[in-house]
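Breakdown of the fold
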Amino acid sequence: DTRMLTKKIRSSGAMMGRIEVLDPNAPAPDFSTMPNSNERNLVAEVSTKEVITYGKGNPIKILAVDCGMKHNIVRQLVARGAE
């Protein structure tokens, strides 16, 4: 149930995890080999290195700092005349 998972993440914060497909004949997974995401700079891995401009030349200027913003928000702003 994704709702229960979402509630747990919201109350406990980010945590390591993975999804396993249960196969009764498969050996138990070795979780000690799972990479620790806390040892990586995940923000740097997914962040852009340069500024991205959408709707270049449109008359309305908006600065958006993306901290998880949906791309549809950008599309809707551009459709309404924003750069």
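The structure reproduced in this document is the subject of the present report.

Conventions we followed
Residues numbered from 1 in each chain as written. Predicted model: local features only at pLDDT ≥ 70, side-chain atom pairs only at ≥ 80, totals over all residues. Heavy atoms only, no water. Helix = DSSP H or I, 4+ residues; strand = E, 2+ residues; numbered from the N terminus. Rg over C-alpha atoms; globule rule 2.2 N^0.38 Å. Buried < 20%, exposed > 50% of the residue type's maximum accessible area, 1.4 Å probe, protein only. Contact = heavy atoms within 4.5 Å. Patch = residues over 30% accessible without salt bridge, like charges linked within 9 Å, V, L, I, M, F, W, Y side chains within 5 Å. Areas by Shrake-Rupley, 256 points an atom, 1.4 Å probe, with all protein chains shown as cover. Salt bridge = Lys/Arg side-chain N within 4 Å of Asp/Glu carboxyl O. Polar contact = N/O pair within 3.5 Å; in protein donor to acceptor, adjacent residues only side chain to side chain.

A tally of helices and strands in the protein yields three helices and zero strands. Listing each helix as α and each strand as β along the protein from the N terminus yields α-α-α. At 20 Å, the protein has a C-alpha radius of gyration far larger than the 12 Å of a compact globule built from 83 residues. Across the 83 residues that make up the protein, the buried fraction comes to 5%. When contacts within the protein are restricted to residue pairs at least 6 apart in sequence, long-range pairs at least 24 apart make up 27% of them.

What follows covers a nonpolar patch on the surface. On the surface, a nonpolar cluster with roughly 270 Å² of combined accessible area is contributed by Leu5, Ile9 and Met15. Counting through the fold element by element, Ile9 comes out in helix H1 (residues 2-12).

A few words now on the pattern of salt bridges. Enumeration according to the criterion identifies two salt bridges in this entry. We note a salt bridge from Glu45 to Arg40, for which the minimum N-O separation is 2.7 Å. Note that Glu83 and Lys61 form a salt bridge whose closest N and O atoms lie 2.7 Å from each other. One end of the pair, Glu83, is in the segment after helix H3 (71-79); the other, Lys61, is in the loop between helix H2 (42-46) and H3, with 22 residues separating them in the sequence. Judged by its relative accessible area of 57%, Lys61 is exposed.

With that settled, consider the environment of Tyr54. Mapped onto the elements, Tyr54 comes out in the loop between H2 and H3. A relative accessible area of 36% means that Tyr54 is categorised as partly exposed. As a C-alpha pair, Tyr54 and Met15 span 39 residues in sequence and 33 Å in three-dimensional space. Discounting residues that sit within four places of it in the chain, Tyr54 has contacts with His71, Val74, Val78, Ala82 and Glu83.

Here Glu45 shows up in helix H2. In the structure, Glu45 is positioned 20 residues away from Asn25 in sequence and 37 Å away in space, judged by C-alpha atoms. At a separation of 2.7 Å, a polar atom in the side chain of Glu45 contacts the side chain of Arg40.

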